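Each chain, written out:
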Amino acid sequence: MIKTIVEWMIKIIYKTHTYFMSINDSYESSFSDKQLHFIIIGILGILMLLVIYPVFKWLAKKHLTVLISWFYVFTVLVVITFAIEIAQWYSNTGTMDFADIVAGLAGYFVMSFFFVLIVAVIAGIRYLLKKKHDQKQTELEESEKDRRIRSQERIIQAQKNQLHKMQQSEQSKQTAKPAKVIQLPDDDQIQWSSFLS
């Protein structure tokens, strides 16, 4: 099966290569095979980058950098598994089989699942510990805030008491003032005759 896929890929590459060579020849361009590889693979790479870069940028904004890493590793593993199978076919050290590639990539999928599971458990534990720490911190902050409020209330109450005492003291001073004594004239100065008449 892998041999069929490789042959199919070779046919596509051959036809594409022949097409670009015929365009080169029809316009009487003097690009060599290496120059055409340079141009075509460069353009193909930039076109792929224009598609992949926005996707990876979006993933990074969503804090999904692990997916970017996963896709990169997956791509490298696809190349490695194909290279291993082609090397086995070329060197006659094994049979080139598509099932081997699928088995290798399936191993990556399964190991990735366990990796994500372990990372998720660790992240969950960290989240719970952080939540508990934040809750204690909030309780401490609220306790400190309550303590400050009670302290301010005591200060305000003490100031009110002091003001009340000052007002009472001021009132008691005003009521304790001696009354004005009116001096009456002495008895000898009173003319009794004016009363009797």
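Each value, and the rule that gives it
Residues numbered from 1 in each chain as written. Predicted model: local features only at pLDDT ≥ 70, side-chain atom pairs only at ≥ 80, totals over all residues. Heavy atoms only, no water. Helix = DSSP H or I, 4+ residues; strand = E, 2+ residues; numbered from the N terminus. Buried < 20%, exposed > 50% of the residue type's maximum accessible area, 1.4 Å probe, protein only. Contact = heavy atoms within 4.5 Å. Areas by Shrake-Rupley, 256 points an atom, 1.4 Å probe, with all protein chains shown as cover. Patch = residues over 30% accessible without salt bridge, like charges linked within 9 Å, V, L, I, M, F, W, Y side chains within 5 Å. Salt bridge = Lys/Arg side-chain N within 4 Å of Asp/Glu carboxyl O. Lys, Arg positive; Asp, Glu negative; His and termini not counted. Charge placed at Lys NZ, Arg CZ, Asp CG, Glu CD. Expected span 1.5 Å × (residues − 1). Phe/Tyr/Trp six-rings, centres within 6.5 Å; stacked < 30°, edge-to-face > 60°. 1 Å grid on protein atoms, 1.4 Å probe; cavity = no way out; pocket = protein on both sides within 12 Å on 5 of 7 lines; lining within 4 Å. Points joined across faces, edges and corners; volume = space filled by probe spheres on them.

## What to know about the overall build of the chain
In terms of helices and strands, the chain carries five helices and zero strands. For the chain, the sequential pattern of α-helices and β-strands runs α-α-α-α-α. Counting the 197 residues in the chain, one finds 7% classified as buried. Contacts in the chain between residues at least 24 apart in sequence constitute 46% of all its contacts with a sequence separation of at least 6. When the accessible surface of the chain is summed, it comes to about 17,600 Å², and 67% of that surface belongs to carbon and sulfur atoms.

## A short note on a negative patch on the surface
The grouping of E139, E141, E142 and D146 at the surface amounts to a negative patch. Here E142 lies in helix α4 (residues 98-175). Here E142 falls in the partly exposed class, since its relative accessible area comes to 46%.

## Comments concerning helix α3 (residues 65-91)
Here α3 is 27 residues long and its end C-alpha atoms lie 39 Å apart, about the 39 Å a rise of 1.5 Å per residue gives. Taken together, the buried positions of α3 are I68, T81, F82 and E85. N92 sits one or two positions beyond α3 and adopts a positive phi of about 55°.

## Here we look at the environment of K3
Among the structural elements, K3 can be located in helix α1 (residues 2-26). Through-space distance from the C-alpha of K3 to that of T95 is 9.3 Å; in sequence the pair is 92 residues apart. Contacts of K3, omitting those with residues within four sequence positions, involve W89 and M96.

## Focus on the pattern of salt bridges
Counted by the stated rule, this structure contains three salt bridges. The salt bridge involving K130 is made with D134; its shortest N-O contact spans 3.0 Å. Of the two residues, K130 and D134 both sit in helix α4, four residues apart, roughly one turn of that helix. The closest approach of N and O atoms between E144 and R147, which form a salt bridge, is 2.5 Å. Note that E144 and R147 are positioned in helix α4 at a spacing of three residues, about one turn of the helix. You can call R147 partly exposed: its relative accessible area is 42%.

## Remarks on the packing of aromatic side chains
Evaluated as defined, the whole model comprises eight aromatic pairs. Seen in terms of ring centroids, W70 and F74 are 5.4 Å apart; in terms of plane orientation they differ by 5°. Their pairing is stacked. On the criterion of helical spacing, the pair formed by W70 and F74 is a turn pair, its members being four residues apart in helix α3. The exposure class assigned to F74 is partly exposed, which follows from its relative accessible area of 22%. With a centroid separation of 5.6 Å and an interplanar angle of 45°, the aromatic rings of F74 and F109 are classed as tilted.

## Points about the layout of surface pockets
Reported here for the second largest pocket is a volume of approximately 210 Å³. For the second largest pocket, the full set of lining residues is L64, V66, L67, S69, W70, V73, Y108, S112, F115 and V116. Among the elements of the structure, α3 and α4 are those that each provide at least two residues to the lining of the second largest pocket.

What is shown is where atoms sit, not what they do.
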